[in-house]
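For reference, the chains in residue letters:
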Amino acid sequence: MGEQAHILILDDERNYLLVLRAILEDAGYKTTGLNDPENTLAFLEESEVDVLITDMKMPRLSGLEVLSRVKKNFPHLPVLVMTAFGSIESAVEVMKLGAFDYITKPFANDELLLSVQNAVSLARAHLRYRLLYENMRERFDPQQIIIGKSKGIQEVFALVDRAAPSRSNVLLTGESGTGKELIARAIHLGSPRQGGPFISVNCMALNPSLLESELFGHEKGSFTGAVAMRRGRFELAHGGTLFLDEIGELSPDLQVKLLRVLQERRLERVGGSEEIAVDIRIVAASNKDLLKEAENKNFREDLYYRLNVVHIHLPALRERREDIPLLIRHFVEKIAAENQMQTKVFSPAALNYLMGYEWPGNIRQLENMVERCLVMQPGEIIDAEALPPEILDEETQFKSVADLLPPTLDLAETMDRLEAVMVRRALIRADFVQVKAAESLGISKSLLQYKLNKYKIGH
């Protein structure tokens, strides 16, 4: 275990304090017991503590209040919460507040020691991570993986930055093509597990029986064609991160098995009887509303709560249109380098159409369109005529006014979005003749040019 780890225990019941200290000291840990939780922060300020264990029900200050205060002042300290009143709802509450684990009294000694051992490992990893953080920051900055400066994507960056150093499971939601796997990789690279494997599985790509073998592995002879033992993705991800894409497509049987792995951190291969311990972090993704799926009995509610500890929603491309020119430049440089060809430039007229399109396939569709134009269009300039016909169709430009509304009730932002739509549409109808566009809008050419600069239309 290296240097002796220090465990701080909070419990108003002296008997439990004595029992916990005896169990942990026999396992080689240094312990301190406090029966007054009010003294917790003062003790943590003065002492080096690796893990905090707190009871849930205490007079004067509850375990939830202790957890909230500790995570605010010592965000990287793992906290184990113990209670005699276990329920899914309270477990979800403490995990969302940042608890490392949740243990119900009475507990098995082995269960407690395993949880403490994992918490100590995380605390030591956090220490190493913090020492290297400034060095790693530039290399693992999620903004170097996900392109964008819009408010929506900046909020995603902030959530990734806060969630990455923890061990909590993460649920990514958003439409197909919004970059959920890239965000999962950013979370992995920004975590203490960055030196471990990142394993990705698309749960929709295989039928349930094949997916079970893919996830859990199988023993030799467990089914026809199983000519040798094979480790599954859970085992391959040991010490790292497992990304489960399209998690909403899991069959009910596989949902039960996944829940067991999340609860016990152990699994059995298909056709096997030996339990195998796994140390993994789960990042799951879905384009479905899993809470609604749970309400409709299509997805297990307890599994949903286990996965949805940290929730990050990725905005659709039509909700972050100001990022489109940045994304286009990025894809042009990337695709040109991959194909050993000269870079090209999209004309202002082409960019105007691209900014107005709905992008039902999101970033994936945008990248495919850029590649097609680079490969098929001769010359250095890609003009509007080179764009696919569905993008040039005015009816596909901003199909729904509802899509223009920002997530918040910000009147100024809403009016800016509507005005930008009107200006772009006027340019299209005037064949990009600014005088004609200004006349149709009932404004001067100089005012139109001001608005073109304001909304970066044709830039």
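In short, a report on the structure.

## Details of the overall build of the protein
Then comes step 1: Broken down by element type, the protein carries 19 helices and 16 strands.
Then comes step 2: Evaluated residue by residue, the protein yields a buried proportion of 48% over its 459 residues.
Then comes step 3: Taking all contacts inside the protein whose residues are at least 6 apart in sequence as the whole, residues at least 24 apart take part in 69%.
Then comes step 4: Entry remark: accessible area of the protein is about 23000 Å², with carbon and sulfur atoms responsible for 50%.

## Here's the deal with a nonpolar patch on the surface
Then comes step 1: A cluster of nonpolar residues, Leu411, Met415 and Leu418, forms a patch on the protein surface that exposes about 290 Å² of accessible area.
Then comes step 2: If you trace the backbone, Leu411 turns up in helix α17 (residues 411–429).
Then comes step 3: On the basis of relative accessibility, which here comes to 62%, the residue Leu411 falls in the exposed class.

## Examining unusual backbone geometry
Then comes step 1: The phi torsion at Gln340 lies on the positive side, around 50°, for a residue other than glycine.
Then comes step 2: Residue placement: Gln340 occurs in the loop between α13 (324–338) and β15 (345–346).
Then comes step 3: Even without glycine at this site, Asn362 takes up a positive phi of about 60°.
Then comes step 4: Relative to the assigned elements, Asn362 resides in helix α15 (residues 362–376).

## Considering the sheet that holds strand β5 (residues 101–104)
Note on sheets: strands pair through backbone hydrogen bonds, and any given pair is parallel or antiparallel.
Then comes step 1: Read across the sheet, five strands follow the order β2-β1-β3-β4-β5 without closing on themselves; strand pairing throughout is parallel. The open sheet has two free edges, formed respectively by β2 (30–34) and β5, since each of these has just one partner strand. For this sheet, the mean angle separating the axes of adjacent strands, direction not counted, is 20°.
Then comes step 2: Note: strand β3 (residues 51–55) against strand β4 (residues 79–83), four bridges, orientation parallel. Residue pairing for β4: Leu52 is matched across the bridge by Val79.
Then comes step 3: Lying on the sheet, helix α1 (residues 14–26) is in contact with β1 (6–10), β2, β3 and β4; it crosses β2 at an angle near 170°.
Then comes step 4: Where helix α3 (residues 63–73) meets the sheet, it contacts β1, β3 and β4, and its direction lies at approximately 155° from that of β3.

## A few points about the pattern of salt bridges
Then comes step 1: Per the counting criterion, the structure on display carries 19 salt bridges.
Then comes step 2: Note that Arg69 is salt-bridged to Glu38, the shortest N-O span being 3.8 Å. Here the residue Arg69 occupies a position in helix α3, and Glu38 occupies one in the loop between β2 and α2 (40–46), the gap between them amounting to 31 residues.
Then comes step 3: When its relative accessible area of 37% is taken as the criterion, Arg69 is described as partly exposed.
Then comes step 4: Notably, a salt bridge pairs Asp323 with Arg320, separated by 2.8 Å at the nearest N-O pair. This pair shows no difference in class: Asp323 is buried, exactly as Arg320 is.
Then comes step 5: Here the salt bridges do not stand alone but share partners, grouping Glu214, Arg230 and Arg233 into one network.

## Some details on the side chain of Asp245
Then comes step 1: Mapped onto the elements, Asp245 comes out in strand β10 (residues 241–245).
Then comes step 2: For the buried residue Asp245, which engages in no salt bridge, the nearest side chain bearing the opposite charge is Lys180, 5.4 Å off.
Then comes step 3: Aside from chain neighbours lying at most four places away, what touches Asp245 is Lys180, Val201, Asn202, Cys203 and Ala285.

## Observations concerning the pairing of strand β13 (residues 281–286)
Then comes step 1: Of all six residues in β13, six are buried; the element is thus mostly enclosed.
Then comes step 2: Burial along β13 is two-sided: the face carrying Arg281, Val283 and Ala285 and the face carrying Ile282, Ala284 and Ser286 are both buried.
Then comes step 3: Looking at chain direction, strand β6 (residues 170–173) and β13 are connected through four bridges and run parallel. The partner of Leu171 across the bridge, within β13, is Ala284.
Then comes step 4: Taken together, the four bridges between β10 and β13 define a ladder with parallel strand orientation.

Reading the values: rules and limits
Residues numbered from 1 in each chain as written. Predicted model: local features only at pLDDT ≥ 70, side-chain atom pairs only at ≥ 80, totals over all residues. Heavy atoms only, no water. Helix = DSSP H or I, 4+ residues; strand = E, 2+ residues; numbered from the N terminus. Buried < 20%, exposed > 50% of the residue type's maximum accessible area, 1.4 Å probe, protein only. Contact = heavy atoms within 4.5 Å. Areas by Shrake-Rupley, 256 points an atom, 1.4 Å probe, with all protein chains shown as cover. Patch = residues over 30% accessible without salt bridge, like charges linked within 9 Å, V, L, I, M, F, W, Y side chains within 5 Å. Salt bridge = Lys/Arg side-chain N within 4 Å of Asp/Glu carboxyl O. Pairing = 2+ DSSP bridges. Axes fitted to C-alpha atoms, helices over the stretch in contact; angles between N-to-C directions. Lys, Arg positive; Asp, Glu negative; His and termini not counted.

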